[in-house]
Every structure is written in structure tokens, then in C-alpha cells.
Amino acid sequence: MATTYEVGNDIVSWCTKCKLMLDHKIVALVEGLPKKAKCKTCNGHHNYREKPPEKKAPGTSRKTKKSEYEVFMAQVEGDDFSGAKKYSIKGNFKENQMVDHATFGIGFILTVLERNKVEILFRDGRKRMVQNR
Ligand SMILES: [Zn+2]
């Protein structure tokens, strides 16, 4: 049995403002299906959403899987990072070199992309940085 929806009916929708599944009123229908809803909690109008957005929460995958950086760190465990070269845009880096960045911390040069561009793996992930400037 297909449900018949009507404008003004109560419906439970994901509220994009409250970030919760809440009671809404149907505001607009498209081909018999709820299209827009009004939140009874915040009175906001937004598209009807049957389910919360399937957004991957940051860090969710890291619980089961180690990040690239953690894997790398495990490999070099015990290494002395005092040899890490201070990162500077004037620097000239080579692959597999360790760098010490003022903001991002210890990183590893993964690839020299161009003469003045390198890809570095930091705790935050891969970043493209300039060199030889
Ligand atoms: Zn709301």
C-alpha cells in the first residue's frame, strides 16, 4: 500500500537545520511524494529527507583502519626526527625525506611533483606544498 501524502500532513523528516529527525509538515509535493517540509521545531523550510544524510563522520574509518600517516609512522617508529629538515618554500626536498613543518608537524616527502612542487604526507593527510621558491 502506497502512502498518500498531502500538503499539511505531518511527516518525520531530517531537519537540515536542527540536524535531527523531527516532526515536520509537508509544504510541497512532487508527483505525490513529499518534496519540501517545514520543521515544527525551528520553522525552517527545507527539502524533505527521509533519512539523515549519509555523511561519513570524520574519523569513522580511522577506528578500524589506520591512516596512511599512522602506517608510515609505525614503519619509522623509533627513528629520530631531529634530522627532519625544516620546511620552507625555499627548500629543496627529495622523496622520502623527512620534514618538520611549523604548522603541520613532521611530514614525509612522498613525491616530487614538479621542480617546485612536492607532495607531503602529514598527520592531517597529503598536502601539496611548494619548494624552490
Ligand atoms: Zn528544524
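Computed from a prediction, not measured in an experiment: that's the story for all the values here.

*Asks:* Break down the overall build of the protein for me, citing the residues and quoting the values.
*Replies:* Helix and strand content of the protein: 2 helices and 9 strands. Starting at the N terminus and walking to the C terminus, you meet the elements of the protein as β-β-β-β-α-α-β-β-β-β-β. For a compact globule of 133 residues, the expected C-alpha radius of gyration is about 14 Å, and the protein comes in at 25 Å, more than 25% above that figure. By its C-alpha atoms, the protein is 70 × 35 × 25 Å across when sized along the principal axes.

*Asks:* Please provide a residue-by-residue account of the pairing of strand S6 (residues 98-101), values included.
*Replies:* Consecutive side chains of a regular strand alternate in pointing toward one face of the sheet and then the other. With 2 bridges connecting them, strand S5 (residues 85-86) and S6 associate as parallel partners. Following the sheet pairing, Lys-85 is matched in S6 by Val-99. A loop of 3 residues connects S6 with strand S7 (residues 105-114), the two strands running antiparallel in sequence.

*Asks:* Help me get a handle on unusual backbone geometry, residues and values and all.
*Replies:* Phi at Asn-96 is positive, roughly 70°, even though this residue is not glycine. Even without being a glycine, Asn-132 presents a positive backbone phi close to 55°. What makes Asn-132 partly exposed here is the crowd of 14 C-beta atoms within 10 Å.

*Asks:* An account of the pairing of strand S1 (residues 10-15) is requested, with residue identities and associated values reported.
*Replies:* Pairing geometry for S1 and strand S2 (residues 20-30), over 6 bridges, is antiparallel. What sits directly across from Ile-11, in S2, is His-24.

*Asks:* Give me the lowdown on the environment of Tyr-69, citing residues and values where you can.
*Replies:* Structurally, Tyr-69 can be placed in helix H2 (residues 68-75). C-alpha of Tyr-69 to C-alpha of Lys-25: the two residues are 44 residues apart in sequence and 47 Å apart in space.

Reading the values: rules and limits
- Residues numbered from 1 in each chain as written.
- Predicted model: local features only at pLDDT ≥ 70, side-chain atom pairs only at ≥ 80, totals over all residues.
- Helix = DSSP H or I, 4+ residues; strand = E, 2+ residues; numbered from the N terminus.
- Rg over C-alpha atoms; globule rule 2.2 N^0.38 Å.
- Pairing = 2+ DSSP bridges.
- Buried ≥ 20, exposed ≤ 12 C-beta atoms within 10 Å, placed from the backbone.

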